[in-house]
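# Analysis of the macromolecular model
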Amino acid sequence: MKHLIPAFLIGLLFGLGIVISGMANPAKVLNFFDFAGTWDPSLIFVMGGALAVTFIGYRVVLARSRPLVEGQFHVPTNRTIDARLIGGAALFGVGWGMAGFCPGGALPVIGTARTEVLLFVAALIAGIFTAQALMRLAQGKPSVSQTLRQ
Amino acid sequence: MTEFTPFASLFGGVMIGLSAVLLMLVLGRVMGATGILTGFVNPTSGTDWSWRAAVLAGMVSAPLVYFAVTGGMPTIEVPVSTPLMLLGGFIVGIGVTFGSGCTSGHGVCGMARLSGRSITATLTFMVATAATVFVIRHVLGG
């Protein structure tokens, strides 16, 4: 239980960051990518700020032997750059360019109960389940999706 | 047009980065929205599920805290039709599952670890997103 309160507060901090940064506003996200039109460079500052803090913070944290309330760090070890990674990332980009929401941008604003947000998240979850079913079909193992989480 | 907001965006980005560092410090986990959502809707075990549920509960509380502090709801402008939003959401779900992550998991946490996979994925989806926006807005005129 002792990990649930910090997990809640960390989620809240993430959600506030998403809301304040503009990542939860599809108009802003789509304008960031619209170099030939109404370009709004704000999101460079989101990525820059988040990366700078995480780059330094991870170096300090991952120098520890273990996290505060868990036995070990769960850091992805897969190093394979394959067609599934690149194809999946490309598909993600196509969907992000259509909707203007990415998962991290949309999840916190579920709390606004806006119809567009709820529709996006429902479609997102349907897509996740569909992809997991496709992977199971392709590999014939029921647990394969669980090895893929980043 | 949207207003250029370098300071708010930098401040929000720093908060996102802090949350990623704290999640790694406390629970030893990557702050990836895809992984957290996937493990929440399709859990492998109860202990694995509960921290994700708590992180998500914190995330969806953010608009309420934002309202309590500022007196207004976050700005969400959706210049996208409902069918395009649904299709986009579905494609995002497929893409992030095959690609093992999204903007937070690959773009922030993975790139901060200088993961080759995450750098490749991030460059790929940024280019694909820009290309999609170009086609929809300037080729199809959407």
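In this numbering scheme, every chain counts its residues from 1 along its sequence in written order. Written order determines the labels here, with chains lettered from A and ligands numbered from 1. Local features in this predicted model are restricted to residues of pLDDT 70 or higher, and side-chain atom pairs are both shown and tallied only at a pLDDT of 80 or more, whereas totals for entire chains, interfaces and linings draw on every residue. The basis for every side-chain value is the complete set of non-hydrogen atoms in the structure, without hydrogens or water.

### Let's talk about the overall build of chain B
What counts, and what does not: Helix and strand definitions here come from DSSP, where helices need a minimum of 4 consecutive H or I residues and strands a minimum of 2 consecutive E residues; each element is numbered from the N-terminal end. Only protein chains enter the accessibility calculation, which uses a 1.4 Å probe. A residue is then buried if its area is under 20% of the maximum for its type, exposed if over 50%, and partly exposed in between. Between two residues, a contact is recorded if the distance between any of their heavy atoms is within 4.5 Å. Using a 1.4 Å probe, accessible areas were evaluated by the Shrake-Rupley method; residue-level cover was limited to the displayed protein chains.
When helices and strands are tallied, chain B shows six helices and zero strands. Reading the helices (α) and strands (β) of chain B from amino to carboxyl end gives α-α-α-α-α-α. The principal-axis extent of the C-alpha atoms belonging to chain B is close to 50 × 40 × 30 Å. Within chain B, the fraction of its 142 residues that count as buried is 59%. Of the contacts made within chain B by residues no fewer than 6 positions apart, 30% connect residues no fewer than 24 positions apart. With the model as given, the accessible surface of chain B reaches about 5,400 Å², and the carbon-plus-sulfur share is 74%.

### Some words on the confidence of the model for chain A
Spelled out, the test is: The score called pLDDT rates the predictor's confidence residue by residue, from a low of 0 to a high of 100.
Confidence in the prediction of chain A, expressed as mean pLDDT, is 92, and 93% of residues score 70 or more. Of all secondary-structure elements in chain A, the lowest mean pLDDT belongs to helix 6 (residues 115–139) of chain A, at 95, while helix 4 (residues 83–99) of chain A reaches the highest, 98.

### Details of helix 3 (residues 42–61) of chain A
Every α-helix winds through 3.6 residues per turn, so residues three or four apart in the chain are directed the same way. Test applied: The span expected for a helix works out to 1.5 Å for each residue beyond the first.
End to end, helix 3 of chain A covers 29 Å across 20 residues, agreeing with the expected 28 Å (1.5 Å per residue, within 8%). For helix 3 of chain A, every residue scored as buried is listed here: A:Ser42, A:Leu43, A:Val46, A:Met47, A:Gly49, A:Ala50, A:Leu51, A:Val53, A:Thr54, A:Gly57, A:Tyr58 and A:Val61. Elements that come into contact with the buried residues of helix 3 of chain A comprise helix 1 (4–21) and helix 2 (26–32) of chain A together with helix 1 (6–27), helix 5 (103–112) and helix 6 (116–139) of chain B.

### Side note on the UniProt feature "transmembrane region" (unreviewed entry) in chain A
All names here are of chain A. Let me state the cut-off plainly: UniProt positions are given in the numbering used here, feature names are shortened, and annotations may be inferred rather than shown by experiment.
Per the UniProt record, "transmembrane region" (unreviewed entry) is annotated on residues 42–62, 83–111 and 117–135. Structurally, residues 83–111 comprises 72% helix and 0% strand, and the distance from its first C-alpha atom to its last is 36 Å. The span residues 117–135 carries 100% helix and 0% strand; its end-to-end C-alpha distance comes to 27 Å.

### A look at the domain arrangement of chain B
Residue and element names in this part refer to chain B. Condition: Throughout, the edges of the domains are those of an automatic or database domain assignment. When two parts are brought into contact, each loses some accessible area as probed by a 1.4 Å sphere; the total of that loss over both is the buried area. Salt-bridge detection follows one rule: a side-chain nitrogen of Lys or Arg within 4 Å of a carboxyl oxygen of Asp or Glu. Pairing of N or O atoms within 3.5 Å defines a polar contact, subject to two protein rules: one partner must be a possible hydrogen donor and the other a possible acceptor, and residues neighboring in sequence count only if both atoms are side-chain atoms. Side-chain classes are defined by residue name, with Ala, Val, Leu, Ile, Met, Phe, Trp, Tyr, Cys and Pro counting as nonpolar, Asp, Glu, Lys and Arg as charged, and the others, Gly among them, as polar.
Annotation of chain B at the domain level lists domain 1 (1–77) and domain 2 (79–142). Taking both partners together, domain 1 and domain 2 bury about 570 Å²; carbon and sulfur atoms supply 73% of that area. Put simply, domain 1 and domain 2 have zero salt bridges between them. The tally of links from domain 1 across to domain 2 stands at one residue pair in polar contact (both at pLDDT 80 or more). Residue composition of the side of domain 1 that touches domain 2, by class: four nonpolar, two polar and one charged.

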